[in-house]
Amino acid sequence: MPKHLRSAWNRTLFRLATLLVIAALGGWLVGAFWQVLAIGALCVVAWQFWRLRAVLRRLTARARLQPAQGDGVWNELDRLLHRGQLGMRTRKRRLLAMLRAYRAATAALPDALVVIDRSTQRVQWFNKAATTLLGLRHPTDLNAPVNQCLQPLPMSHWLSAGRNAEPMLDATSPANPDLRLNLRLIPYSDQYWLLVARDVSKLLRLEEMRRDFVANVSHELRTPLTVVHGYLDMLDADEFPEWKPILEEMQKQSNRMTQLVEDLLTLSRLEVQDSLTDEHIAMGSMLATLRREAEALSRKRQTILVEDCGDIDLWGSNKELHSAFSNLVSNAVRYTPVGGTITIAFAREGDGAVLSVRDTGYGIPASHLPRITERFYRVSTSRSRESGGTGLGLSIVKHVLNLHQARLEIDSAVGQGSTFSVHFGPARVHRRESALPLPQSLTA
Ligand code: ADP
C-alpha cells in the first residue's frame, strides 16, 4: 500500500476509535455505558454507509467528478476515482481523435475498401470510395450479402476459392460501366477479408494510347521504308564499285529497320488480341520449315539437328506459333558461334508437349533471365545489333505463348549454351492421324 494511503487509513481508524472512546466515556458518565456506545457505533456504521452511497453515486454519475477535498480513506478513494476518470477521459479523447483521423484517411483514399466477413460473406464496413466505385450505399448495404450488393462481380466464387484464389481480378465497375476496376482480395485474418478496388480506367486508356501510337507510327513508317528499300534494291552495287560498301551498309540498315517495323506491328497486333482461331498444326512440316529457315540463316556455320517424337501435333495458330518458334531458332543461330550445334526437338511431356530449341552458344548470365522477354532488353546490345536483332523477338514469343496458355522456360549457362523450352498443356495436344492405332478389322 502506498504511504499516503496507509496514513489516510490510519487517520480514519484513529478517528473512529476516538469517536467510540468518547461515546463510551459519555455513556459511563451518564450511567448508560452500553446504550450510548451502541448509539455511537450505529452512528459510525451509518456514516460509513453514507460515504459508500456517495461513492456509488459518483461511480454511476456520467458527470465529470470534482477532485475530493480533505483527508481520510473515503476522500482518498474519491481522489483515486477522480484520477481514474481523468485518465479514462484522456484515453477516450485520444481514441476518438485516432478514429476520426482513420475515418478521414479512409474517406480520402481514392481506392474502394470493403471489409467482408468470410464465414457469412457479408459486408462489414466500407469507405466512401466504395460508393462511387462499387455502388455500395450507406447504411443499406452494411451487413448485406456481398454477392448480392456487388453483382455482377464473381465475389462468392472468389471468396470460396479462399487463399488459393487469383489475387487480382480486372472487372467493369458495377456502379459505372465506363470504369474499369482492378480488384484485390486480401485475407488479413481468418474471419475478415479486405476487398480493395482501384480505378484503372485512366491507366488502361493511356496503355491503349501507347499501343495505338506505336502501331500508327510503325504503320506510317512502313510506306517510306518500302520506297527507300525498293530504290536501294534497284541500285546495282557492282556499277559503282567505290560506293559498294556504303550501299551494302544502307541495305543492311534498311532491312533492319523494316524488320523492326514489322516486329513492332506484330507486337501491337498480339497485344490487342485475346484469343486466336485454333487450327491443327502439323508439327512434321512445321519442324521441316524451321530446319530450312535455320539452315538458310546458318549457311553451314552450325549443325542443325531436328528431333520429332512423331505421334503428336498441336492445336493453335499456325502463323503465330511459327513466328514464335522461328524467333527462338533464329536467336539460337545468331547467338551460337561457328561450329556449334542447334537442336530443335518436339516431344511429349506427360499429357502435354514441349518444343525446345537447344544451342551450344554464348549462353545468358542468370541475372538477365528475369527480364529477357521485355521489349528491347538485350544481354549485349552490340552483339544483338551485329547479329541483326531487333530486341523484340522474345517479347513476341511471350505474347504468342500467352495466347496459347503455354509457358517459356529458359535454361542457360554462360559459354555452354541455352535451351528455350515451350511447354504446352494437354488441351493443345493433338494426336497425329497416322499415329492412331488401326481399327481391329484392319489389323486382323
Ligand atoms: P534480339 O533481336 O536482340 O535477339 P530477342 O528479344 O530475340 O532480341 O532476345 C533478347 C536478348 O536475349 C538478345 O539480345 C540476346 O542477348 C539474348 N538471347 C536470346 N536468345 C539467345 C540465345 N539463344 N543465346 C544467347 N542469348 C540469347
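Reading the values: rules and limits
- Residues numbered from 1 in each chain as written.
- Predicted model: local features only at pLDDT ≥ 70, side-chain atom pairs only at ≥ 80, totals over all residues.
- Heavy atoms only, no water.
- Pairing = 2+ DSSP bridges.
- Helix = DSSP H or I, 4+ residues; strand = E, 2+ residues; numbered from the N terminus.
- Axes fitted to C-alpha atoms, helices over the stretch in contact; angles between N-to-C directions.
- Left-handed = near helix turned anticlockwise from the far one by under 90°.
- Contact = heavy atoms within 4.5 Å.
- Nonpolar A, V, L, I, M, F, W, Y, C, P; charged D, E, K, R; others polar.
- 1 Å grid on protein atoms, 1.4 Å probe; cavity = no way out; pocket = protein on both sides within 12 Å on 5 of 7 lines; lining within 4 Å.
- Points joined across faces, edges and corners; volume = space filled by probe spheres on them.
- Domains from an automatic or database assignment.
- Patch = residues over 30% accessible without salt bridge, like charges linked within 9 Å, V, L, I, M, F, W, Y side chains within 5 Å.
- Areas by Shrake-Rupley, 256 points an atom, 1.4 Å probe, with all protein chains shown as cover.
- Salt bridge = Lys/Arg side-chain N within 4 Å of Asp/Glu carboxyl O.
- Buried < 20%, exposed > 50% of the residue type's maximum accessible area, 1.4 Å probe, protein only.
- Phe/Tyr/Trp six-rings, centres within 6.5 Å; stacked < 30°, edge-to-face > 60°.
- UniProt positions renumbered as here; feature names shortened; annotations may be inferred.
- Polar contact = N/O pair within 3.5 Å; in protein donor to acceptor, adjacent residues only side chain to side chain.

1. A closer look at the sheet that holds strand β3 (residues 168–172)
Part 1 of the argument: Reading across the sheet, the five strands line up as β2-β1-β5-β4-β3 and stay open at both edges, with antiparallel pairing between neighbours. On the outer flanks of this sheet lie β2 (122–126) and β3, each paired with one strand and no other. In this sheet, adjacent strand axes meet at a mean angle of 30° when their direction is disregarded.
Part 2 of the argument: Note that strand β4 (residues 180–187) and strand β5 (residues 192–199) share seven bridges and pair antiparallel. From the neighbouring strand, L185 faces β5, where its bridge partner is L195.

2. Remarks on the packing of helix α10 (residues 318–334) against helix α12 (residues 393–403)
Part 1 of the argument: Contact geometry for α10 and α12: axes closest at 9 Å, N-to-C directions at 145°. As α10 packs across α12, the resulting crossing turns out to be left-handed. Contact residues: α10 offers E320, L321, S323, A324, N327, L328 and N331, while α12 offers G393, L394, I396, V397, V400 and L401.
Part 2 of the argument: When grouped by side-chain class, the residues that make up the contact of α10 with α12 number eight nonpolar, four polar and one charged.

3. Some points on the pairing of strand β11 (residues 407–413)
Part 1 of the argument: Looking at chain direction, β11 and strand β12 (residues 417–424) are connected through seven bridges and run antiparallel. For L408, the partnering residue across the bridge sits in β12 and is V422.
Part 2 of the argument: In this structure, the hairpin formed by β11 and β12 is closed by a connection of three residues, where G415 is found at a positive phi of approximately 85°.

4. Comments concerning the sheet that holds strand β8 (residues 312–316)
Part 1 of the argument: Judged by pairing direction, the sheet is antiparallel, and its three strands sit side by side in the order β6-β8-β13 without closing on themselves. With one partner strand each, in any of the chains shown, β6 (279–281) and β13 (429–431) form the two edges of the open sheet. Each adjacent strand pair in this sheet contributes to an overall mean axis angle of 40°, direction not counted.
Part 2 of the argument: By the bridge criterion, three bridges tie β8 to β13 in an arrangement that is antiparallel.

5. Considering the layout of surface pockets
Part 1 of the argument: Considering only enclosed or pocket space, the largest pocket measures out at about 970 Å³ in volume.
Part 2 of the argument: As for the largest pocket, its lining consists of 41 residues, of which S330, N331, R334, Y335 and G389 are closest to the centre.
Part 3 of the argument: No other element matches the seven residues that α10 contributes to the lining of the largest pocket.
Part 4 of the argument: Of the residues in the lining of the largest pocket, the class split is 13 nonpolar, 18 polar and 10 charged.
Part 5 of the argument: There are two domains that each give the lining of the largest pocket at least three residues, and those are domain 3 (205–272) and domain 4 (279–443).

6. Concerning a nonpolar patch on the surface
Part 1 of the argument: A surface patch of nonpolar side chains, amounting to about 860 Å² of accessible area, comprises V21, L25, W28, L29, V30, F33 and W34.
Part 2 of the argument: Contributions of two or more residues to the nonpolar patch are made by α1 (3–30) and α2 (33–60).
Part 3 of the argument: Inspection of the secondary structure puts L25 in helix α1.
Part 4 of the argument: Overall, the relative accessible area of 48% leaves L25 in the partly exposed class.

7. Here's the deal with the pattern of salt bridges
Part 1 of the argument: For the coordinates displayed, the defined rule picks out 17 salt bridges.
Part 2 of the argument: A salt bridge links R79 to E76, with the nearest nitrogen and oxygen atoms 3.0 Å apart. With R79 and E76 both in helix α3 (residues 73–108) and three residues apart, the pair spans about one turn of that helix.
Part 3 of the argument: Judged by relative accessible area, which is 25%, R79 ranks as partly exposed.
Part 4 of the argument: Exposure remark for E76: the relative accessible area of 7% places this residue in the buried category.
Part 5 of the argument: Residues joined in a network through salt bridges with shared partners are E207, R210, E271 and R375.

8. With respect to the packing of aromatic side chains
Part 1 of the argument: For the structure shown, the criterion picks out three aromatic pairs.
Part 2 of the argument: Taken together, a centroid distance of 5.0 Å and an interplanar angle of 80° make the contact between F33 and W34 edge-to-face.
Part 3 of the argument: Classification of W34 by relative accessible area gives exposed; the value is 63%.
Part 4 of the argument: Residues F325 and F424 carry aromatic rings whose centres are separated by 6.3 Å and whose planes lie at 90° to one another, so their mutual orientation is edge-to-face. Residue F325 is found in helix α10, and its partner F424 is found in strand β12; the two are separated by 99 residues along the sequence.

9. What to know about the UniProt feature "transmembrane region" (unreviewed entry) in the protein chain
Part 1 of the argument: Residues annotated by UniProt as "transmembrane region" (unreviewed entry) correspond here to residues 12–30.
Part 2 of the argument: Counted over residues 12–30, helix gives 100% and strand 0%. Its end C-alpha atoms are 27 Å apart.

10. Structural notes on the side chain of Q302
Part 1 of the argument: By the secondary structure assignment, Q302 is in the loop between α9 (283–298) and β7 (303–308).
Part 2 of the argument: There is a polar contact of 2.8 Å between the side chain of Q302 and the side chain of S298.
Part 3 of the argument: Within polar-contact distance, the side chain of Q302 engages the backbone oxygen of V333 at 3.1 Å.
Part 4 of the argument: Non-local contacts of Q302, meaning those with residues more than four positions away in its chain, are made with V333, T336, P337, G340 and I342.

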